[in-house]
Amino acid sequence: MEGLRHRLVLRGRCDCDCVFCRPDRSAPSTDPSVALQDLRDGYAPGRGLNIGGDEPTTHPALPEVIAAARELGYKPIALQTTGQLFAQPGFARLLRDLGLDAADIPLYGSNAAVHEAITRRPGSFRRTLAGLARLRAVGLDLVIHTVVTRENVSDLSDLVGFCLARGLPLPRIEHLQPERAFPYAEHAVSLADSAAALATVARDHLAQMLFVNFPACFAKLLPESLGTGLAITSAPGTAQRPKRHAAVCRSCALGDSCPGPFVGYLDLFGDGDLRPVSTCRPPRR
Ligand code: SF4
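Residues numbered from 1 in each chain as written. Predicted model: local features only at pLDDT ≥ 70, side-chain atom pairs only at ≥ 80, totals over all residues.

Enquirer: Would you take a moment to explain the nonpolar core for this structure?
Expert: Within soluble globular proteins, side chains that are nonpolar tend to cluster in buried spots. In this structure, Leu49, Val65, Ile66, Ala69, Ile77 and Phe218 are the most contacted members of the largest nonpolar core, which totals 60 residues. Taken domain by domain, the makeup of this core includes at least three residues from each of domain 1 (1–155) and domain 2 (171–285). Those residues in contact with Ile66, other than ones at most four positions away along the chain, are Ile77, Leu95, Leu98, Gly99 and Leu100. (Core = buried A, V, L, I, M, F, W, Y, C linked by C-beta atoms within 7 Å. Buried ≥ 20, exposed ≤ 12 C-beta atoms within 10 Å, placed from the backbone. Domains from an automatic or database assignment. Contact = placed C-beta atoms within 7 Å.)

In structure tokens form, the structure reads like this:
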């Protein structure tokens, strides 16, 4: 699905200071003419558009860009955003009327303390929830995602319950990507500890979850008894950091389709949590 979408980076200036994000604050915002040319160059019939960057809602040309994308024929048009600026009355309706179809928004915790331990911006939880409410009110499709870190791993089940209780989509759960720009070892969680948190999610909610960027054998860390009602998909797609096979992957039947964990993960945690698949039977999905 991702490959059917053009990705446009519209750099503004994000208000958050997430523990795993180190945007270049000195970088200029995207030149609108460059963004519009990128749209024209990237278009093909039937193609959708993902607009991301260092908080595109803070870029003054966003309405113009969405209108131009719709005029060119992009469908659907989705925005990756903290959602905070949608708390302003009228903003969600304006962008919807110009052609925006969907928004992908991070929720890092079930409460302000956990969410803001990651965003490091007081009030960001309240503003994101207010933005989510406005986006829902105008009928935009919503996607929620979270990233597993030490700050929120024990809150994952509560986060799922929070979303279920409010009729929000279940969060897509992403494996933290190692970057040199932040202290990965201070925030990363092992596959085994991530699986333990996932088991709690399954026990509490029997929710169908989507996991992104975890190695395929992550499913094997889960107790078999938790399999009913739990779906794990090693979705391709959003990895920006290199992955590689460990020595144990040589015996794995999934080696051709699974690229292994992130290199930075192996450097930090080793391969002790990997579980090579010895038959052709795929892991539980
Ligand atoms: S053992 Fe290696 S190749 Fe096999 S599923 Fe796990 S990470 Fe992927």
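Enquirer: So what exactly am I meant to see when it comes to the environment of Asp193 here?
Expert: One can find Asp193 in helix 8 (residues 191–205). Under the C-beta neighbour-count criterion, Asp193 is labelled partly exposed, with 17 such atoms within 10 Å. Considered as a pair, Asp193 and Asp273 are 80 residues apart in the sequence and their alpha carbons are 9.6 Å apart. (Helix = DSSP H or I, 4+ residues; strand = E, 2+ residues; numbered from the N terminus.)

Enquirer: I would appreciate a short explanation of the site of the ligand in the present structure.
Expert: Close to the ligand lie 15 residues, the nearest being Pro215, Cys217, Cys249, Cys252 and Cys258. In the shell around the ligand, the residues fall into 12 nonpolar, 3 polar and no charged. (Near = placed C-beta within 6 Å. Nonpolar A, V, L, I, M, F, W, Y, C, P; charged D, E, K, R; others polar.)

Enquirer: Would you explain the pairing of strand 4 (residues 102–106) in this entry?
Expert: Along any regular strand the residues' side chains alternate between the sheet's two faces. Relative to strand 4, strand 3 (residues 77–80) runs parallel, the two being bridged by 3 bridges. The residue bridging Ala78 from the neighbouring strand is Ala102, located in strand 4. Taken together, strand 3, helix 3 (residues 91–98) and strand 4 constitute a β-α-β crossover, and its handedness is right-handed. (Pairing = 2+ DSSP bridges. Right-handed = clockwise from strand over helix to strand, strands pointing away.)

Enquirer: Looking at this structure, I do not really get the packing of helix 2 (residues 62–72) against helix 3. What am I missing?
Expert: Helix packing for two helices is described by the angle between their axes and how far apart those axes are. One way to put it is that helix 2 packs onto helix 3 with a least axis distance of 8 Å and a crossing angle of 25°. Judged by the angle between their axes, helix 2 and helix 3 are roughly parallel. Along the contact surface, helix 2 presents Pro63, Ile66, Ala67 and Arg70, while helix 3 presents Leu94, Leu95 and Leu98. Per-class residue counts for the contact of helix 2 with helix 3 are 6 nonpolar, no polar and 1 charged. (Axes fitted to C-alpha atoms, helices over the stretch in contact; angles between N-to-C directions. Parallel < 35°, antiparallel > 145°, perpendicular 65-115°, else oblique.)

Enquirer: Help me understand the pairing of strand 5 (residues 141–148) in this model?
Expert: Bridge count between strand 4 and strand 5: 5 bridges; the pairing is parallel. Bridge pairing in strand 5 places Pro106 opposite His145. Looking at chain direction, strand 5 and strand 6 (residues 172–175) are connected through 4 bridges and run parallel. Within strand 6, the residue paired with Thr146 across the bridge is Ile173. Regarding the hand of the β-α-β motif, the stretch spanning strand 5, helix 6 (residues 156–165) and strand 6 is right-handed.

Enquirer: Would you explain the environment of Phe269 in this entry?
Expert: Structurally, Phe269 can be placed in helix 9 (residues 263–269). For Phe269, a count of 19 C-beta atoms within 10 Å gives the class partly exposed. Expressed as a C-alpha distance, the spacing of Phe269 and Ala188, which sit 81 residues apart in the sequence, is 9.3 Å.

Enquirer: Which parts of the structure should I look at to understand the packing of helix 1 (residues 32–42) against helix 2?
Expert: The contact between helix 1 and helix 2 brings their axes to 10 Å, and the two run at 20°. It follows that helix 1 is roughly parallel to helix 2 by the angle criterion. Seen along the crossing, helix 1 lies across helix 2 with a hand that is right-handed. Where helix 1 abuts helix 2, its residues Pro32, Ala35, Leu36, Leu39 and Arg40 lie against Glu64, Val65, Ala68, Ala69 and Leu72. Taken together, the residues of the contact of helix 1 with helix 2 break down into 8 nonpolar, no polar and 2 charged. (Left-handed = near helix turned anticlockwise from the far one by under 90°.)

Enquirer: Explain helix 2 here, please?
Expert: Within an α-helix, residues lying three or four positions from one another point in the same direction, as the helix has 3.6 residues per turn. Of all the positions in helix 2, only Leu62, Val65, Ile66 and Ala69 are classed as buried. Taken down its axis, helix 2 places every buried residue within 95° of arc, on the same side. On its buried face, helix 2 sits against helix 1, strand 2 (48–52), strand 3 and helix 3. Gly73 sits one or two residues past helix 2 and shows a positive phi near 115°. (Arc of directions from axis to C-beta.)

Enquirer: Could you clarify how one ought to interpret unusual backbone geometry in this entry?
Expert: Cis geometry is found at the peptide bond from Lys75 to Pro76, where omega equals 0°. With a phi close to 60°, Glu55 is a non-glycine residue in the positive phi region. When the 21 C-beta atoms within 10 Å are taken as the criterion, Glu55 is described as buried. Phi at Arg120 is positive, roughly 55°, even though this residue is not glycine. Note that Arg120 resides in the loop between helix 4 (112–119) and helix 5 (124–137).

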